[in-house]
Amino acid sequence: MTDVPDRERFEARDETATLAGVVTYQLTGSIIAYTHTGVEPAFEGRGVGSTLARAVMDDARARGRTVVPICPFLADWLGRHPEYADIVVRSTRKIK
């Protein structure tokens, strides 16, 4: 996985440098919002999305960032991986 800050995304590529998937993000200070996870059709069903999810979460932790999971795939993945709860912003509730 490679961070491509100019494109605001992480890219996963195979051994031939073919793009397998991406996670897009918006970075504001130490807060990173993951906005979309996409896997190329030729790589679907091979765990690329999960590999990307773990890699971007590990990267956020290593850089001391707080994660806002806007992407539905990543939010769902995080629901199954509570080991990252300490760096994820909890959802807020509106007070009436």
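Provided above is the structure to which this section pertains.
What comes next concerns the included structure. (Residues numbered from 1 in each chain as written. Predicted model: local features only at pLDDT ≥ 70, side-chain atom pairs only at ≥ 80, totals over all residues. Heavy atoms only, no water.)

### Section: unusual backbone geometry
For step 1, the next point in the chain: Despite not being glycine, Glu-8 has its phi angle at roughly 50°, a positive value.
For step 2, the next point in the chain: Under the relative-accessibility criterion, Glu-8 is labelled partly exposed at 40%.
For step 3, the next point in the chain: Located in the positive-phi region is Ala-17, a residue other than glycine, with phi close to 70°.
For step 4, the next point in the chain: Note on placement: Ala-17 falls in the loop between strand E2 (9-13) and strand E3 (19-28). (Buried < 20%, exposed > 50% of the residue type's maximum accessible area, 1.4 Å probe, protein only. Helix = DSSP H or I, 4+ residues; strand = E, 2+ residues; numbered from the N terminus.)

### Topic: the environment of Ala-12
For step 1, the next point in the chain: Within the secondary structure, Ala-12 is located in strand E2.
For step 2, the next point in the chain: With near-sequence residues (within four places) excluded, Ala-12 lies in contact with Thr-18, Leu-19, Ala-20, Gly-21 and Leu-52. (Contact = heavy atoms within 4.5 Å.)

### Points about the pattern of salt bridges
For step 1, the next point in the chain: By the definition in use, this model includes nine salt bridges.
For step 2, the next point in the chain: One salt bridge connects Arg-63 with Asp-59, and the closest N-O pair in it is separated by 3.0 Å.
For step 3, the next point in the chain: Salt bridges linked by common partners bring Asp-3, Asp-59, Arg-63 and Arg-65 together as one network. (Salt bridge = Lys/Arg side-chain N within 4 Å of Asp/Glu carboxyl O.)

### A look at the environment of Ala-60
For step 1, the next point in the chain: Relative to the helices and strands, Ala-60 is located in helix H1 (residues 48-62).
For step 2, the next point in the chain: Here Ala-60 falls in the buried class, since its relative accessible area comes to 0%.
For step 3, the next point in the chain: Linking Ala-60 and Phe-43, residues 17 residues apart in sequence, is a C-alpha distance of 24 Å.
For step 4, the next point in the chain: Apart from the residues within four sequence positions on either side, Ala-60 is in contact with Ile-32, Tyr-34, Arg-65, Val-67 and Ile-87.

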